[in-house]
Amino acid sequence: MEIPGVCIPTNAAIKRYNRRFLTTMMVYAGTILVAAEWARHGHRSGASAYAIATLPGVTVIAALVIIGMYLREEKDEFNRATQVEALLWATGLTQAIETTWGFLENFTDAPHAPLYLGFALFCGIWGVANAIVRRRYQ
Amino acid sequence: MKNRLRELRAERGWSQADLGERLEISRQSVNAIETGKFDPSLPIAFRLAKLFSLPIEKVFDPED
């Protein structure tokens, strides 16, 4: 499994993960479109605006649960170990980058980075980390 | 941890993929174990020993 979301289906757990993750990402894209359209029509306050704006975040939580389900269902301990290591790298580096960028925004004229990019950053780092971790074992 | 997997596998004419299929693990996992870069769990180590009909210490070298 080299790229989060689009993994080489080498076993049943990865096939299930691919199906679930890709479905969730399609729902994620749909909720962003709905929330953007809702805001574009001026609905920026009230319970419905907050509920709709929260939907993309809910699908991100679902994606994280799906990653957890994959780790539970993966029977190949080597795959599981390399994925866990890559996920730890992704979690740590995402937090480090976001924290550092926050300080840059506070203390310099660095441009504002939207917080919602955090999940995309996490997935990108996960993919790179996974490739690097697995290369070590070749 | 050093092991005799490559030698035992060669004696039987099995590829890494063949061994992986018998153990229900990926070829990459077999390669990582065989090259000593990844230490398998006890259940996998015992399954390997059973597959080759050898005591576990004849497959893995605990001194390394």
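None of these values were measured; they are calculated from a predicted model.

Participant: Break down the interface of chain B and chain A for me, citing the residues and quoting the values.
Facilitator: Where interface size is given, it is often the accessible area lost as the parts come together that is meant. The interface is formed by 12 residues belonging to chain B together with 9 residues belonging to chain A. Taking both sides of the interface into account, the surface hidden between chain B and chain A amounts to around 860 Å²; carbon and sulfur atoms contribute 53%. Viewed at the interface, chain A and chain B are joined by 0 salt bridges. Inspection of the chain B/chain A interface yields 4 residue pairs in polar contact (both at pLDDT 80 or more). Looking at which element gives the most residues to the side of chain B that touches chain A, the answer is helix 3 (residues 27-34) of chain B, with 4 residues. The residue inventory of the side of chain B that touches chain A, partitioned by class, reads 5 nonpolar, 6 polar and 1 charged.

Participant: Tell me what's going on with the pattern of salt bridges, and back it up with residues and numbers.
Facilitator: All names here are of chain A. The full count for this structure, using the stated rule, is 8 salt bridges over all chains. Between Glu73 and Arg16 there is a salt bridge, with the nearest N and O atoms lying 3.0 Å from each other. On the criterion of sequence distance, the pair formed by Glu73 in helix 2 (residues 47-73) and Arg16 in helix 1 (residues 12-40) is long-range, its members being 57 residues apart. Classification of Glu73 by relative accessible area gives partly exposed; the value is 21%. On the basis of relative accessibility, which here comes to 27%, the residue Arg16 falls in the partly exposed class. Across the pair Arg40 and Glu37 runs a salt bridge, and its minimum N-O distance is 2.7 Å. Taken together, the residues span about one helical turn, with Arg40 and Glu37 both in helix 1 at a distance of 3 residues. Accessibility expressed as a relative area gives 61% for Arg40, which makes it exposed. Linked through salt bridges whose partners overlap, the residues forming this network are Arg16, Arg20 and Glu73.

Participant: So what's going on with the domain arrangement of chain A? Which residues, and what values?
Facilitator: Residues and elements named next belong to chain A. Domain assignment breaks chain A into domain 1 (1-75) and domain 2 (76-138). Distance from the C-alpha centre of domain 1 to the C-alpha centre of domain 2: 18 Å. Of the roughly 1300 Å² buried where domain 1 meets domain 2, counting both sides, 66% is carbon and sulfur surface. At the junction of domain 1 and domain 2, the tally comes to 0 salt bridges. Between the two partners, domain 1 and domain 2, sit 3 residue pairs in polar contact (both at pLDDT 80 or more). Contributions of two or more residues to the side of domain 1 that touches domain 2 are made by helix 1 and helix 2. A total of 6 residues in the side of domain 1 that touches domain 2 trace back to one element, the largest contributor, which is helix 2. Residue composition of the side of domain 1 that touches domain 2, grouped by class: 13 nonpolar, 1 polar and 3 charged.

The rules we used
Residues numbered from 1 in each chain as written. Chains lettered and ligands numbered in written order. Predicted model: local features only at pLDDT ≥ 70, side-chain atom pairs only at ≥ 80, totals over all residues. Heavy atoms only, no water. Contact = heavy atoms within 4.5 Å. Buried area = accessible area lost by both parts, 1.4 Å probe. Salt bridge = Lys/Arg side-chain N within 4 Å of Asp/Glu carboxyl O. Polar contact = N/O pair within 3.5 Å; in protein donor to acceptor, adjacent residues only side chain to side chain. Helix = DSSP H or I, 4+ residues; strand = E, 2+ residues; numbered from the N terminus. Nonpolar A, V, L, I, M, F, W, Y, C, P; charged D, E, K, R; others polar. Buried < 20%, exposed > 50% of the residue type's maximum accessible area, 1.4 Å probe, protein only. Domains from an automatic or database assignment.

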